[in-house]
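As a plain string of letters, each chain reads:
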Amino acid sequence: MESLTALQQMEKHLAPYRQLVQQVDTLCAAIEQDWAAQIVCQAGCSDCCRLQSVFPVEAANLYLGWRQLPAVEAQQVRDALAAATDDACPLLTDARCPLYAVRPLICRTHGLPILFQTDAGRSIDTCPLNFRGVDTLPGSAVIDLDRLNTVLVGLNHDFVRQVFLQAPPPERIQLAEVFDFPWPFTAP
């Protein structure tokens, strides 16, 4: 039996995370279809894009997606990271994400109604441009962020345990460091 390469091993360890991504994408697509008239988000809208760090499992997925880009595009992403100066996501190039296909879970839910816990109780938030004039939403139109994060934390824990055998990585990895991070599945 042929042994798996380090990158094939990484793909294997990312499979549970990618299954979660598919489930979230399915949920988001259903909300977007059912509420299309209430959602104004579109390509080039990046006001919600403020992400600065991700869990290691998400960072690895971004890294592998970046490796798939043509050399010129991969260098443009690196250049954008080096030039980032404000609180916008450092991956953005001309208000677009060059790694959109492998974007983290939180990015996939931007603009849609999310349910989360606060000290005052449960609350629903959405992009202020979307769902204007809508006073109530059915449960099928809301993403439970706390539940999603609980699953993500569990998947990240398993990923870290399986991949980082020598020493655990930081709890979160800065986006600006994803492509230079000392991944255990890449040659030094």
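Residues numbered from 1 in each chain as written. Predicted model: local features only at pLDDT ≥ 70, side-chain atom pairs only at ≥ 80, totals over all residues. Heavy atoms only, no water.

Student: I would appreciate a short explanation of the nonpolar core in the present structure.
Tutor: Nonpolar side chains tend toward joint burial in soluble globular proteins. If you look at the biggest cluster of nonpolar residues, it comprises 50 residues, and the most contacted ones within it are L91, F159, F179 and W183. Those elements that place two or more of their residues in this core are α1 (6-34), α2 (56-67), α3 (71-83) and α5 (145-163). With 8 residues, the single largest contributor to this core is α1. For L91, the residues in contact, after removing those within four places along its chain, are L62, V77, L81, R96, P98, L99, L175 and F179. (Core = buried A, V, L, I, M, F, W, Y, C linked by side-chain atoms within 4.5 Å. Buried < 20%, exposed > 50% of the residue type's maximum accessible area, 1.4 Å probe, protein only. Helix = DSSP H or I, 4+ residues; strand = E, 2+ residues; numbered from the N terminus. Contact = heavy atoms within 4.5 Å.)

Student: Whenever I open this one, the side chain of N61 confuses me. Can you help?
Tutor: The topology assignment puts N61 in helix α2. On the basis of relative accessibility, which here comes to 4%, the residue N61 falls in the buried class. Excluding its chain neighbours within four sequence positions, the residues that come into contact with N61 are L14, Y17, R18 and V102.

Student: Would you mind going over the pattern of salt bridges with me for this structure?
Tutor: Side chains bearing opposite charge may pair, as long as their charged atoms lie close to each other. Evaluation of the coordinates by the stated rule reveals 6 salt bridges. Measuring nitrogen to oxygen at the nearest pair gives 2.9 Å for the salt bridge that ties R108 to D25. Placement of R108 in helix α4 (residues 105-109) and of D25 in helix α1 is noted, with a sequence separation of 83 residues between them. Where R78 meets D180, a salt bridge forms, and the shortest distance between an N and an O atom there is 2.9 Å. In this pair, R78 sits in helix α3 while D180 sits in the segment after β5 (173-174), placing the two residues 102 residues apart along the sequence. (Salt bridge = Lys/Arg side-chain N within 4 Å of Asp/Glu carboxyl O.)

Student: What exactly am I supposed to notice about the packing of α1 against α5 here?
Tutor: Any two packed helices are characterised by the angle at which their axes cross and by the distance between the axes. Viewed as axis vectors pointing N to C, α1 and α5 meet at an angle of 170 degrees, and their least axial separation amounts to 9 Å. The angle between the axes of α1 and α5 places the two elements in the roughly antiparallel class. Counted together, M10, H13, L14, P16, Y17, L20 and V24 of α1 and L148, V151, L152, L155, F159, Q162 and V163 of α5 form the full contact between these two elements. Across the contact of α1 with α5, the residue classes tally to 12 nonpolar, 2 polar and no charged. (Axes fitted to C-alpha atoms, helices over the stretch in contact; angles between N-to-C directions. Parallel < 35°, antiparallel > 145°, perpendicular 65-115°, else oblique. Nonpolar A, V, L, I, M, F, W, Y, C, P; charged D, E, K, R; others polar.)

Student: Before we go on, may I ask you to explain α2 in this structure?
Tutor: Count 3.6 residues to each turn of an α-helix, and residues three or four apart come out pointing the same way. Taking 1.5 Å per residue as the helical rise, α2 with its 12 residues ought to reach 16 Å, and the 16 Å between its terminal C-alpha atoms agrees with that figure. For α2, the buried fraction is high: 11 of the 12 residues fall into the buried class. All of the buried residues along α2 are P56, V57, E58, A59, A60, N61, L62, Y63, L64, G65 and W66. Summarising the contacts, the buried residues of α2 are in contact with α1, β1 (53-54), α3, α4, α5 and β5. (Expected span 1.5 Å × (residues − 1).)

Student: What am I meant to see in the pairing of strand β3 (residues 121-125) here?
Tutor: Each regular strand shows side chains that alternate between the opposite faces of the sheet. The pairing of strand β2 (residues 114-118) with β3 spans 5 bridges and is antiparallel. Across the sheet, residue T118 finds its bridge partner in β3, namely G121. Connecting the antiparallel pair β2 and β3 is a turn made up of 2 residues. (Pairing = 2+ DSSP bridges.)

Student: Which parts of the structure should I look at to understand the packing of aromatic side chains?
Tutor: In this description, a pair of aromatic rings is defined by centroid distance and the angle of the planes. In this structure the tally under the stated criterion is 8 aromatic pairs. Consider the rings of F159 and F164, whose centres lie 6.4 Å apart with planes at 70 degrees: the pair is edge-to-face. The same class applies to F159 as to F164, namely buried. Aromatic pair F181 and W183: ring centres 4.8 Å apart, planes at 55 degrees, arrangement tilted. In terms of burial, F181 and W183 fall into one category: buried. (Phe/Tyr/Trp six-rings, centres within 6.5 Å; stacked < 30°, edge-to-face > 60°.)

Student: Quick question: what am I supposed to make of the environment of T109 here?
Tutor: Assignment of secondary structure puts T109 in helix α4. Separated by 34 residues in sequence, T109 and I143 place their C-alpha atoms 7.8 Å apart. Apart from the residues within four sequence positions on either side, T109 is in contact with V24, C28, I114, I143 and L148.

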